[in-house]
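# Observations on chain architecture
Chain residues, written in single-letter form:
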Amino acid sequence: MIHNQGKKTLLWMILSVFVYIPTATHAEDLQVTTNLVSGDRSEEVRVLQKALNAIPGLQLTTFGPGSPGNETNFFGALTRRAVISFQEMYAKDVLAPIGLTRGTGYVGPMTRQKLNELTRGQAGVPRTTTAPVSRENGSTQTQNTGPVLREGSGGVNVYAGDEGLESYQDNIVSTIRSLFRSSRDITVDDIPEFTQDELSLRGMTVSFGSVGASVGMSVTGVAPNQTYRIHFGDTYHLANVPGDAQSIVFKVPSIPPAVYDVAVSNSDGAVSRTRPFSVVSANTDGIRITDARPKEVEYGDEVTLTGSGFTPADNIVETAFGRITNLESNRDGTELTFTFKPKQVSMAAQFGRGPDTDPHETPITLRVFNANGVSDFFEAFTLVI
Amino acid sequence: MMYRNLYVSRLLCTVCVATMVAFPFSVRAQIPGTIPFGGPVVWSMPCTCSPPLWWVIVGPPRGGVFSYALGSQAFRNYNMPLIGIWALGLYVPVGTCWFWFIICVPLPVQGTITPVVGSSLL
């Protein structure tokens with residue numbers, strides 16, 4: 001009996017090794033995994049430049065910094081110009097779906113997706129090459145009924161909902177700017193209308209959980225007797241998840257601990273906006289924020305959070321003004337620094353405030369996501385405009 | 001006579017209770033002069049000539065363009081007017097938001113969000 005148990009354990013260990021080893025990402029892949037914008041400095045920018053240089057006709061430059069073999073970590077004018085050329089070259093896939101006709105130079109999810117498809121050499125292949133990973137009780141989920149874990153996004157642009165909102169916000173800013181310049185009275189009719197998302201993720205019962213934990217989602221547009229996909233970034237998705245009246249409940253699948261952009265999609269291809277969700281291992285100590293400096297922050301200032309549980313990379317700071325992603329902590333995981341430049345106050349920062357007008361003082365609450373989980377909300381600083 | 005009054009009182013009381021049980025949603029808690037709204041906050045920016053007001057756009061199902069006095073929210077989660085949250089509340093159909101652009105320029109609003117507003121977590 002004990003002998004059989006030992007054999008089973010050994011077999012299980014061998015199977016585990018086969019399942020986990022292939023999950024490593026190909027080191028030579030030129031995969032851009034974060035959004036990038038002019039002024040960024042990171043190794044991801046170098047990957048972006050290499051990817052652009054690998055596409056005929058899109059080389060940043062033929063000599064000096066940025067040329068093939070001399071890629072840098074700085075997103076400057078050459079990179080931006082090449083990104084715009086790329087976006088316009090593949091406008092049908094990158095710009096048209098979000099209602100744009102001209103390249104923006106911003107490397108968002110759609111640009112990344114197309115770039116990654118091209119540099120991968122074949123479209124539609126998931127970023128990681130993994131064996132089937134859902135293994136409750138040691139078996140792979142392959143049944144046709146009930147939720148099934150699959151790799152990749154299943155052909156869905158997981159970030160389409162986010163891009164729709166971003167595009168709307170860009171439209172608002174450009175509309176207001178042009179209306180100001182027109183020197184005429186602005187009316188409510190001049191303000192672009194926001195089109196309701198077919199699927200709208202209003203909230204989740206929890207923001208983190210370990211494998212097997214139940215998570216509830218409040219989603220408008222979800223109906224009973226229909227099934228949906230729950231996406232974990234574009235790396236995994238749970239297919240065949242039943243919906244209820246405006247809600248979906250799922251169990252955290254067996255996927256590696258990390259923060260995932262979770263979204264819901266339906267069979268028509270409609271996809272909700274994403275929300276961060278942290279899949280944690282059972283023995284995590286969690287994240288704790290104890291301080292934030294400085295206490296008064298202006299647009300573009302650097303903020304340093306002190307605490308514990310920050311991971312070396314892939315920390316996300318979620319503020320009331322949006323998410324700041326791909327943050328690295330200091331060596332011992334006690335400090336996290338980010339630049340605070342919310343889009344909502346960019347115009348106010350550019351034009352300043354009226355004469356003899358008191359400053360806007362807005363308390364900013366934030367929390368940190370990473371593979372250790374999610375911190376409590378922390379009242380970090382006051383934004384002064 | 002006393003029994004008759006008692007009978008009438010009981011009958012009235014029963015009718016009242018039955019009405020409240022049968023039609024609980026017909027009661028409207030709207031304050032006169034206010035209009036309900038609700039939806040996701042899809043844009044907000046500070047009114048830089050008229051602090052502490054913010055200019056807020058709320059999406060469908062019952063959205064609009066509003067001004068909102070920062071910190072006036074009376075119900076949880078006290079995070080108005082931040083993008084991504086869902087808000088539900090009342091507004092009054094008057095208001096203003098002035099934004100500094102060489103001069104103070106008025107941004108149009110359909111009304112001002114009252115403190116009677118609640119919002120979702122991020």
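All values reported here derive from a predicted model rather than from experimental measurement.

Conventions and cut-offs
- Residues numbered from 1 in each chain as written.
- Chains lettered and ligands numbered in written order.
- Predicted model: local features only at pLDDT ≥ 70, side-chain atom pairs only at ≥ 80, totals over all residues.
- Heavy atoms only, no water.
- Core = buried A, V, L, I, M, F, W, Y, C linked by side-chain atoms within 4.5 Å.
- Buried < 20%, exposed > 50% of the residue type's maximum accessible area, 1.4 Å probe, protein only.
- Helix = DSSP H or I, 4+ residues; strand = E, 2+ residues; numbered from the N terminus.
- Disulfide = S-S within 2.5 Å.
- 1 Å grid on protein atoms, 1.4 Å probe; cavity = no way out; pocket = protein on both sides within 12 Å on 5 of 7 lines; lining within 4 Å.
- Points joined across faces, edges and corners; volume = space filled by probe spheres on them.
- Nonpolar A, V, L, I, M, F, W, Y, C, P; charged D, E, K, R; others polar.
- Phe/Tyr/Trp six-rings, centres within 6.5 Å; stacked < 30°, edge-to-face > 60°.
- Lys NZ or Arg CZ within 6 Å of the ring centre and 35° of its normal.
- Contact = heavy atoms within 4.5 Å.
- Buried area = accessible area lost by both parts, 1.4 Å probe.
- Salt bridge = Lys/Arg side-chain N within 4 Å of Asp/Glu carboxyl O.
- Pairing = 2+ DSSP bridges.
- Axes fitted to C-alpha atoms, helices over the stretch in contact; angles between N-to-C directions.
- Patch = residues over 30% accessible without salt bridge, like charges linked within 9 Å, V, L, I, M, F, W, Y side chains within 5 Å.
- Areas by Shrake-Rupley, 256 points an atom, 1.4 Å probe, with all protein chains shown as cover.
- Lys, Arg positive; Asp, Glu negative; His and termini not counted.
- Charge placed at Lys NZ, Arg CZ, Asp CG, Glu CD.

Nonpolar side chains in soluble globular proteins tend to end up buried together. With 65 residues, the main nonpolar core has Leu305, Phe338 and Phe340 of chain A together with Trp55 of chain B as its most contacted residues. Broken down by element, the residue count for this core peaks at seven residues, all from helix α6 (residues 160-182) of chain A. Core analysis: the next-biggest nonpolar cluster, separate from the first, contains 24 residues, Val215, Leu238, Val241 and Phe277 of chain A among them.

Moving on: the state of the cysteines. All names here are of chain B. Applying the stated criterion to the full structure yields two disulfides over all chains. Between the sulfur atoms of cysteine 47 and its disulfide partner cysteine 97 the distance amounts to 2.0 Å. Across the S-S bond linking cysteine 47 and cysteine 97, the dihedral sits near -115°, which makes this disulfide left-handed. Of this pair, cysteine 47 sits in the loop between β1 (35-46) and β2 (53-58) while cysteine 97 sits in strand β5 (residues 97-101); the two residues are 50 residues apart in sequence, bridging distant segments of the chain. By the burial criterion, cysteine 47 is buried, and cysteine 97 matches it. When the cysteines engaged in disulfides are numbered in sequence order, chain B pairs them as 1-3, 2-4.

To continue, consider the layout of surface pockets. All names here are of chain A. Taken as a whole, the second largest pocket holds about 410 Å³ of empty space. A total of four residues in the lining of the second largest pocket trace back to one element, the largest contributor, which is strand β16 (residues 361-370). Of the residues assigned to the lining of the second largest pocket, the class counts are 11 nonpolar, six polar and one charged.

So, about the packing of aromatic side chains. The tally for this structure, following the rule as stated, stands at 15 aromatic pairs over all chains. An aromatic cluster is defined as three or more aromatic residues linked by ring pairs; in this entry it consists of Phe180 and Phe351 of chain A together with Phe99 and Phe101 of chain B. Over the face of the ring belonging to tyrosine 159 of chain A we find arginine 112 of chain A, whose NZ or CZ atom lies 5.8 Å from the ring centre. Positioned over the ring face of tryptophan 86 of chain B is arginine 202 of chain A, at 5.4 Å from the centre of the ring.

Here we take up the interface of chain B and chain A. Facing the 36 residues of chain B at the interface are 43 residues of chain A. Roughly 3300 Å² is buried in total at the junction of chain B and chain A, and carbon and sulfur atoms are behind 77% of that figure. Inspection of the region where chain B meets chain A yields zero salt bridges. At the level of secondary structure, the elements contributing two or more residues to the side of chain B that touches chain A comprise β1, β2, β5 and β6 (103-107) of chain B. Per-element accounting of the side of chain B that touches chain A gives the leading share, six residues, to β1 of chain B.

Any empty space left between the atoms is revealed when a probe the size of a water molecule rolls over them. One pass over the structure, following the stated rule, counts one cavity of 30 Å³ or more. One number sums up the size of the largest cavity: a volume of about 50 Å³. The wall of the largest cavity is formed by Phe194, Gln196, Asp197, Ser200 and Arg273 of chain A together with Pro40, Pro60 and Trp86 of chain B. Taken together, the residues that form the lining of the largest cavity break down as four nonpolar, two polar and two charged.

Moving on: the sheet that holds strand β3 (residues 64-69) of chain B. Strand order in this closed barrel of five strands is β1-β2-β3-β7-β4 (chain B), and the pairing throughout is mixed. Averaged over all adjacent pairs, the angle separating strand axes in this sheet is 55°, with direction ignored. Bridge count between strand β4 (residues 86-92) of chain B and strand β7 (residues 111-119) of chain B: five bridges; the pairing is antiparallel. Following the sheet pairing, glycine 89 of chain B is matched in β7 of chain B by valine 117 of chain B. Of the strands in this sheet, β1 and β2 of chain B touch α6 of chain A, which is tilted by about 70° from β1 of chain B.

It is worth spelling out a negative patch on the surface at this point. Taken together, the side chains of Glu296, Glu298, Asp358 and Glu361 of chain A present a region of like negative charge at the surface. Within the fold, glutamate 298 of chain A resides in the loop between β11 (296-297) and β12 (302-308).

Take the side chain of threonine 362 of chain A next. Mapped onto the elements of the fold, threonine 362 of chain A is located in strand β16. Filtering out sequence-adjacent residues up to four positions away, threonine 362 of chain A remains in contact with Phe381, Thr382 and Leu383 of chain A together with Trp54 and Leu70 of chain B.

It is worth spelling out unusual backbone geometry at this point. Residues other than glycine predominantly adopt negative phi, and peptide bonds predominantly adopt the trans conformation. For the bond from arginine 293 of chain A to proline 294 of chain A, the omega torsion is -5°, close enough to zero to count as cis. Tracing the backbone shows proline 294 of chain A in the loop between β10 (288-293) and β11. The amide bond that connects proline 51 of chain B to the next residue, proline 52 of chain B, takes the cis arrangement and shows omega of 5°. Relative to the assigned elements, proline 52 of chain B resides in the loop between β1 and β2. Not every positive phi belongs to a glycine, and glutamine 246 of chain A is a case in point at roughly 60°. Structurally, the position occupied by glutamine 246 of chain A is in the loop between β6 (236-244) and β7 (247-251). Positive phi outside glycine occurs at aspartate 314 of chain A, with the angle close to 60°.

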